[in-house]
Each structure stands twice: as structure tokens, then as C-alpha cells.
Amino acid sequence: TENVYTFRYQGHQSMFVVTSDGVIATDPIGLGRPQAVTTYIDEIKKVTQAPIRYLIYSHHHFDHIAGGKAFKDAGATIVAHKRAKERLDVLKDPHTPLPDETIDTDRTITLGGTTLELNYVGLNHSDSTLVMRLPREKIVFVVDFLPVGRLPGRGMIDFYPLEAEDSIKKVLGMDWERLIPGHPDSGGRLGTKQDVQDQLTLLQEASAEMKNLGQEGKCWDTAEKEFKLPKYATWPGYEQSLPFIARRYCGLWGRGT
């Protein structure tokens, strides 16, 4: 879409929006790789010489937002959910400055005739995730709790399973046509509402399967060995992701955590 771009680097991806009054950037993705941040800013400059006005943190995890200092030094105002600021204030990472501005439930940023909606839809992959929607362009940027065509894998480490289902339903209820994920699939395609529905169905089926095993008293080891999702065996990363999914749902239905 005109003036909406994705920046991809080593399995992570961000969105930036170019307007007549400046750039709205997201997630620096600079954890352990400062060259990614430099490259990101250089790529923006190839598109426009307009200043970077905003940097939006999708949530508080370093693999997506480390490296924000370079954007702040360039003059960007950093915006994030209030819980992201709370987490980062404790961690005090020198490469990840605290947000200048925080939001609670929602905020709309208007810049150069472009509108970007920031929505907090509840607990999901973290307690600080923002869904970013461009209403005119019908695009959403959703990081980590809505992978496209693949299992969530390591993302289950910090995950609120039942609440995430509600978050996904809220995203499905929004008006959009294409989804930019925080990690590209193997083909780099954008997501559709069918992809989101598929992810919801996967989580619901995983929850139901482990609920049965957990209530039989099989958590942890036995349940994790017996837990399978054969319907999704052809999805990328199935073998690697299954243990993470099993462990998280075993915690939910075996211990109530």
C-alpha cells in the first residue's frame, strides 16, 4: 500500500508509515544486533528524508523493541502501553529507552493526513501488546500473538491462553483486510482474517486437548509426551513448537497458572 512499508531483518519484521509530515516507525528489532537498527533507519531514509516523528513499541519484549535509543536520538517520540513502561523501568536496558508517552486502552495518532489507531485488546502474548490499525489502508500490525500460517512456538513462554482467545476475537471484529505479523512466514506473505481464525482454532483445540490430559492428572511429563496436534503437523515449525504449547497449556490445566 502506498506509504506503508515492512522492514524485515533475520526473522523479525516491523512496519513504518511515511506521511507528508514525517514517519511513524515501529519496533526497532535490535536485540544483540545494533546493525539492524542502523539498517532500519537507513532504509527509511532511502524512502523519505522526512523526520521520524514516532516510534511505537508493540510490547515490552526485547527481541522486538531493543534499539529504540537510535530512534529517540533521531528525534522520535516513543509511544507504548503503560505496562510496557512499567516492565522496562525495572529492566533498565540502556538500548531500550522508556516510552515518552503511554496509553491505557487506545489512542489515535494523526500525522500528515494518515491515521494510526493503537488498541490494547487485553492479555495475549504479553500484558502490554498494542494492535496497530491503519483504518484507511485496512492494514493491521500485530506482533507475536497472531503468527501467520505457523504455530506460536517460543511465544508461548509469556502467554495468557484463555485471555488470548478474547484478544484474537477482538482483532477479528476490527475492519481490516491484511495483517503484518511481527515474524514473517516462510514466504513473507501478509495475513488474512482466515489466518487469524485458523490461529484461534488452533489455540482452542490445543487447550481442549491438554485440558483432558491435565484433568486426568497427567501433567507434566506424561501429558507433554502424549500431547499432539496432528491436524497442524504440516505447519512450519510443528515439531519445534509443540513442546512449548504443551508446557504452557499443561501449566494452565494442570496447575491453574
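Scroll up a little and you will see the structure.
Since the structure is predicted, the reported quantities are computational estimates derived from the model, not experimental observations. (Residues numbered from 1 in each chain as written. Predicted model: local features only at pLDDT ≥ 70, side-chain atom pairs only at ≥ 80, totals over all residues. Heavy atoms only, no water.)

Points about the packing of helix H5 (residues 161–172) against helix H6 (residues 193–215)
Relative to each other, H5 and H6 sit at 160°, their axes nearing to 10 Å. Overall, the two elements H5 and H6 adopt an arrangement that is roughly antiparallel. Judged by the sense of rotation from one axis to the other, the crossing of H5 with H6 is left-handed. Contact residues: Leu162, Glu165, Ile168, Lys169 and Leu172 in H5; Lys193, Val196, Gln197, Leu200, Leu203, Gln204 and Ser207 in H6. Of the residues that constitute the contact of H5 with H6, the class distribution is six nonpolar, three polar and three charged. (Axes fitted to C-alpha atoms, helices over the stretch in contact; angles between N-to-C directions. Helix = DSSP H or I, 4+ residues; strand = E, 2+ residues; numbered from the N terminus. Parallel < 35°, antiparallel > 145°, perpendicular 65-115°, else oblique. Left-handed = near helix turned anticlockwise from the far one by under 90°. Contact = heavy atoms within 4.5 Å. Nonpolar A, V, L, I, M, F, W, Y, C, P; charged D, E, K, R; others polar.)

A word on the nonpolar core
Formed by 35 residues in total, the largest nonpolar core has its most connected members in Phe145, Leu146, Leu179, Met210, Phe227 and Tyr249. For this core, the elements supplying multiple residues, two or more each, are strand E10 (139–142), H5, H6 and helix H8 (238–255). Excluding residues within four positions of it along the chain, leucine 179 makes contact with Val140, Val142, Leu146, Val148, Leu190, Gly191 and Val196. Listed in part, the 22 residues of the second largest apolar core include Leu55, Tyr57, Ile65 and Ile78. (Core = buried A, V, L, I, M, F, W, Y, C linked by side-chain atoms within 4.5 Å. Buried < 20%, exposed > 50% of the residue type's maximum accessible area, 1.4 Å probe, protein only.)

Focus: the sheet that holds strand E7 (residues 106–111)
Spatially, the five strands line up as an open sheet ordered E7-E8-E9-E10-E11, and their pairing is mixed. Only two strands of the sheet have a single partner each, and these edge strands are E7 and strand E11 (178–181). In this sheet, neighbouring strand axes are inclined to one another by 20° on average, regardless of whether the strands run parallel or antiparallel. Strand direction decides the pairing type here: strand E9 (residues 130–134) and E10, joined by three bridges, are antiparallel. Its bridge partner being in E10, methionine 132 is matched across the sheet by phenylalanine 141. (Pairing = 2+ DSSP bridges.)

So, H5
Between its terminal C-alpha atoms H5 stretches 17 Å, which fits the 16 Å expected from 12 residues at 1.5 Å a residue. Inspection of H5 places Pro161, Ala164, Glu165, Ser167, Ile168 and Val171 among the buried residues, and these make up the whole buried set. Along the long axis of H5, the arc covered by the buried residues comes to 165°, so they all point the same way. (Expected span 1.5 Å × (residues − 1). Arc of directions from axis to C-beta.)

A short note on the pattern of salt bridges
Counted by the stated rule, this structure contains 15 salt bridges. In this structure, the salt-bridge partner of lysine 138 is aspartate 175, at a minimum N-O distance of 2.7 Å. Placement of lysine 138 in the loop between E9 and E10 and of aspartate 175 in the loop between H5 and E11 is noted, with a sequence separation of 37 residues between them. We classify aspartate 175 as partly exposed; its relative accessible area is 44%. As a salt-bridge pair, arginine 189 and aspartate 195 come within 2.9 Å of each other at their nearest N and O atoms. On the basis of relative accessible area, aspartate 195 is assigned to the buried category, the value being 10%. A single salt-bridge network, built from bridges that share partners, covers Glu216, Lys218 and Glu226. (Salt bridge = Lys/Arg side-chain N within 4 Å of Asp/Glu carboxyl O.)

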